[in-house]
Amino acid sequence: MMKSYQVGRPSERPLAGVKRILFTLAAMLLTSLTLTVMAQDVTVSGKVKGADGTGLPGVSVQAKGTAKGTQTDIEGAYKLAGVPKGATLVFSFVGMETKEVAVGNKTTVDVTLVDDTKALEEVVVVGYGTQKRKEISGTVTSLGSRDFNAGIVTNPLAAAQGKVAGLVITSSSGDPNSRPTVRLRGTGSLSAGSEPLYVIDGVIGAPIENVAPEDILTMDVLRDASSAAIYGSRGANGVILITTKRGKSGAPTVDYSAYVGQETISQRPDLLNGAEYREAATKYKQTYTDNGANTDWLDVITRKATSQNHNLGVSGGSENFSYRASVGYLDQTGTLLGSGKDRVNARLNLDSKAMNGKLAMKFNMSASQANADIAQNRAIGFAMNMRPTDPVYNSDGTYFQIPGTFANFNPLAVLENVSQKEKLQDLLFNTQLGYTIIEGLVFNVSGTLRTQNRNNSSFVKSTPGNLLSVVGGNSGSRSLNAVNDQQLETTLSYSKAVGANSTLNLLGGYTYQDVISDGFGASNNNFLSNDLGANNLGSGLGIRTNPNLLGSYKNEYKLVSFLARAQYSLANKYFATVNVRRDGSTKFGDNNKWGFFPSVSVGWALNEEAFLKGNSTIDNLKLRVSWGRTGNSEGISPLRSRSFYGPSGSYYDGLTDDFLPAYAIQGNPNPNLKWEVNVNYGAGIDFSMFKGKLSGSLDYYTRQTKDLLYVVNAPQEKGFVFPTILANVGSMQNRGVEISTSYQWVDNSKFSFSSTFVGSFNKNKVLSLKNDDFAAQDQIFLQTSLGSFIRGTSAVAFSVLQAGQPVGVFYGAKVAKIENGRYVFQDLNGDGKVNQANPDREDQTYLGSPTPLFVGGLTNNMKFGNIDFQFQLISNLGAKIVNTNNLLLGRQDGRLAESNALKSALTTVVNDERTLPMDYYVESGNYVRLNNASLGYTIPVGKSIVKRARIYVAGNNLLLFTKYSGVDPEISQALKVDGDNQRAPGIDVRETFYKTRGITAGVSLSF
């Protein structure tokens, strides 16, 4: 048999075989890998249920560590393809605890999510202790550091603006040295102060303005008397508790934050420029000297202001010892030339445990030094008055001044030749010890020493052309004021579980405070040189003829208190708190040194009852009712209840042939002087719905202040020698409704969006201004100065205190028409005659309240991956404003020849020089403001030394929506009625430091 063979080149046959083999192996490997991958990716489906067994729609289902994810449908079902075998699924939903489930070999994964009780279990700081949020029966609002407003925020109060219902924070000035006006549930006093009590790490009355916002962990606001009554005589206007950050067990952590920013004036008056001024002078036939300039005087005295802030914190510790130390530096210039401040603050918090944990020790130390350059705000008024046709300097380089005028001073000369500085040093030491005697029984003692020194100096140069120099040439002054505050507090607390779901907490305590204030001041004038300023007062000649240029003082008061509290939680659904405090103060008369301040509040968790238990819509529903009495003595200086002698003029002494100081009685004794008392009634409801997506609270309150402290005329027929006396007269009332609500619009791994709204309605009314022994006038007119050196405007009575009306209600005439440029006033009493030159009080009436009816804030937070965005709107509605700038500069009267005017003067029909209180200049103060916005990015840091890194930009006071024709409708709500230095709320005066708009860029790092 014949064999056949294939003929070819021997070298090609083996190569072709190898290729086939390699191709076959590659195909097999690729197929194997494909099959393997396909085998590892699975499709997982299932259903997510709540604790009641019903399906949960909108639950986020995410494959951990991947971008694969989905959401449950309306029935709670989901289906997720391409899930790696062995992956872990993460199930998350607002208000529910996040759950992680390993897939393994399963293709069906069903889960049940339970309510996240962390919010209800959250511990909230209350007076002299803490309490679980769900057990609180009073009205308490808590803020964390993450809730604070971003941007140029140097004061924690400004950081909380628009965040707490009922807490009205008014920032009416752009001065870096100013403090916002703070009112909690309205103005509650005439003379004793209306600002809340500040407690920092348990220290009463610590200075909140010296606490860096970066050091704050939480801010708890006790809004009603039942919560604040534990502070007795201090809690009349509410209490704000600040808890600063402390160290934790673990490796040391370093936190650094910084920002740089720039501020500009956000709104300014619309004044005439040079061309418009010439046109107006021609139109109204005004004769003046045209110096050919076109000067924007406000631009001359203002600037773009820069600021920088740095804060460094180091924390760490072990199981029995932890620490946190921080230091901060702030440097902020003001938009008005000569204004600014810098501040250095340091804080050290130490925590230690000993004796097997029975002894807990805390040490808190804070120190701050703030240096303030205080500009002369009156320069703003002068700049508004100066004619734009005048130059800043004369040809010889001296300041230009209009000779022979009363109100027109070169504002730049004022700012550059008047120096006023303040150095404020504050040092605080606090030690707290807590010893657990037996389980649940703890004895605490706290000791505090706080010292504050305020050093002021001012100097006015004797510069040619500076017409504000006092008679006698230049002048200088120095003053030093010191406060030494010592506090001792001891408490004994007991906590015990009573049954399975009930607890009892008891507290008893004693506190002691001794405050000594002293200081001195010296002034002099007629110095030979300006070079030494106020640093060598003895070189002036003025003191040789005026010994009254020297003065000093010292006073002291003590406060002793006994306090007790009982808190009871029954069956985890009924809650009650009872507070009792008895305070004794040396400020008050011998017959009334002690005050008694009780309170009671109860709460009922309806969601724990059978008819709501397990409800799929309502997660939490609690009713609260409260009543309480608190006291007020904060604004009253010592010795006001006693009669004492003081210097009063001089007399001629024949033996010495000289005039010697004379002394006279400086006050009447009042042994019946007693505490001003606030009585509060309130009811509220807390709620959480839709698995925590919607939550909030609604409160109603009535707050009545009794025994108002006020200086009244002393009836001479009753034997009083001094013309006035501090007494308890009358009462005042605030009523209102507060609402807080938050809604989580979206919350998943890719995007989250939430909104929080807070709003409060408040109506204020003076009920009475008399008692059985003393009575104030039926109408107390508050005098307001409209600006320095303006004829006829040093004291205009726009506001009045009167029973039945809000505090500081505007009072004046009503304008019927403008006739020949003159105001024609209405006949309000119907007697057929009106004093048109100056209407009598009978032809005047109430023109509106300066207090807003509604104050609200809306904060929105968004997060997209590592990007976060936040913005806040705030609003005031219902307030009236007296626009005195329009009254003085918005008319075409004879002053135009020597002073500037608003552009509205070109079109106004008014040609009347009278500065009377009238409705013509009372305007609506309604506004909505884009108060704050920030955009941040959290930088992925991986496993580097940096644990967290975030950069951001932020803005303050970005937009304003209002019909108010003045500069800004956010007008000061401060009230002062004691003595000649009066202040009325809601009056827009020309010397107000204009609000600013700030833009910042910042960084936060953790190592």
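As shown above, the structure is provided for reference.
Computed from a prediction, not measured in an experiment: that's the story for all the values here. (Residues numbered from 1 in each chain as written. Predicted model: local features only at pLDDT ≥ 70, side-chain atom pairs only at ≥ 80, totals over all residues. Heavy atoms only, no water.)

Engineer: Please give an account of the overall build of the protein that cites residues and values.
Structural biologist: A count of helices and strands for the protein gives nine helices and 51 strands. Dimensions of the protein, computed from the C-alpha atoms along their principal axes, are close to 160 × 75 × 65 Å. Residues classed as buried in the protein amount to 49% of the 1007 residues present. Sequence-distant contacts, at least 24 apart, represent 69% of the contacts inside the protein between residues at least 6 apart. The centroid of the 98 positive side-chain charges in the protein is displaced by 9 Å from the centroid of its 85 negative side-chain charges. (Helix = DSSP H or I, 4+ residues; strand = E, 2+ residues; numbered from the N terminus. Buried < 20%, exposed > 50% of the residue type's maximum accessible area, 1.4 Å probe, protein only. Contact = heavy atoms within 4.5 Å. Lys, Arg positive; Asp, Glu negative; His and termini not counted. Charge placed at Lys NZ, Arg CZ, Asp CG, Glu CD.)

Engineer: How would you sum up helix α7 (residues 378–385)? Please name residues and give values.
Structural biologist: Judged by how many residues are buried, α7 sits mostly within the fold: seven of eight residues are covered. Listed as buried for α7 are A379, I380, G381, F382, A383, M384 and N385. Summarising the contacts, the buried residues of α7 are in contact with α6 (297–301), α8 (411–417) and α9 (884–889).

Engineer: Summarise the pattern of salt bridges; cite the residues concerned and give the values.
Structural biologist: Overall, the coordinates contain 33 salt bridges when judged by the stated rule. One salt bridge connects E913 with R822, and the closest N-O pair in it is separated by 3.1 Å. Within this pair, whereas E913 is found in the loop between α9 and β47 (922–924), its partner R822 is found in strand β42 (residues 822–825), the two being separated by 91 residues in sequence. One connected set of salt bridges, linked through shared partners, spans R185, R223, K622, R624, D686, D699 and E738. (Salt bridge = Lys/Arg side-chain N within 4 Å of Asp/Glu carboxyl O.)

Engineer: Kindly report on the side chain of R565, identifying the contributing residues and their values.
Structural biologist: Residue position: R565 is located in strand β26 (residues 550–570). Within the local environment of R565, its side chain forms a polar contact with the backbone oxygen of Y128, the two atoms lying 3.4 Å apart. (Polar contact = N/O pair within 3.5 Å; in protein donor to acceptor, adjacent residues only side chain to side chain.)

Engineer: Run through helix α5 (residues 274–283), naming residues and quoting values.
Structural biologist: For α5, the full list of buried residues reads G274, E276, Y277, A280 and A281. The buried side chains of α5 occupy one side of the element, clustering within an arc of 160° when seen end-on. Among the exposed residues of α5, those oriented more than 90 degrees off its buried face are A275, E279 and T282. The distance from a side-chain oxygen at the start of α5 to the backbone nitrogen of A275 is 3.2 Å, and the residue carrying that oxygen is N273. One or two steps after α5, the chain reaches K285, where phi turns positive at roughly 55°. (Arc of directions from axis to C-beta.)

Engineer: Give me the sheet that holds strand β7 (residues 111–112): which residues, what numbers.
Structural biologist: What the three strands build is an open sheet, ordered β4-β1-β7; its pairing is mixed. Each edge of the open sheet carries a strand with a single partner, namely β4 (77–84) and β7. (Pairing = 2+ DSSP bridges.)

Engineer: Give a description of the packing of aromatic side chains that names residues and reports values.
Structural biologist: We describe a pair of aromatic rings using the distance from one ring centre to the other and the angle between the two ring planes. As enumerated under the stated definition, the model contains 22 aromatic pairs in all. Their ring planes at 75° and their centres at 4.7 Å tell us that Y743 and W745 sit as a pair that is edge-to-face. The class for W745 is partly exposed, based on a relative accessible area of 46%. Aromatic ring contacts, followed pair by pair, group Y823, F825, Y920 and Y921 into a single cluster. (Phe/Tyr/Trp six-rings, centres within 6.5 Å; stacked < 30°, edge-to-face > 60°.)

Engineer: Report on the nonpolar core, specifying residues and quantitative values.
Structural biologist: If you look at the biggest cluster of nonpolar residues, it comprises 68 residues, and the most contacted ones within it are L190, L298, Y710, V712, L801, Y823 and M918. Top contributing element to this core by residue count: α7, with five residues. For M918, the residues in contact, after removing those within four places along its chain, are A813, V815, Y823, F825, L847 and L887. (Core = buried A, V, L, I, M, F, W, Y, C linked by side-chain atoms within 4.5 Å.)

Engineer: Quick one: what's the story with the sheet that holds strand β39 (residues 796–801), residue by residue and with numbers?
Structural biologist: The strands that make up a sheet are held in pairs by hydrogen bonds between backbone atoms, and each pair lies either parallel or antiparallel. Pairing in this open sheet of four strands is antiparallel, and the strands run β38-β39-β40-β43 from one edge to the other. Strands with a single pairing partner mark the edges of an open sheet, and in this sheet they are β38 (780–784) and β43 (845–848). Taking each pair of neighbouring strands and ignoring which way they run, the sheet shows an average axis angle of 45°. Inspection of the sheet shows strand β40 (residues 809–812) paired to β43 by three bridges, in the antiparallel sense. (Axes fitted to C-alpha atoms, helices over the stretch in contact; angles between N-to-C directions.)

Engineer: A description of the pairing of β40 should follow, citing residues and the corresponding values.
Structural biologist: Of the two faces of β40, both are covered, the one formed by V809 and Y811 as well as the one formed by F810 and G812. The pairing of β39 with β40 spans two bridges and is classified as antiparallel. Paired with S799 across the strands is F810, a residue of β40.

Note that every value here comes from positions in space, so none of it alone points to a role or purpose.
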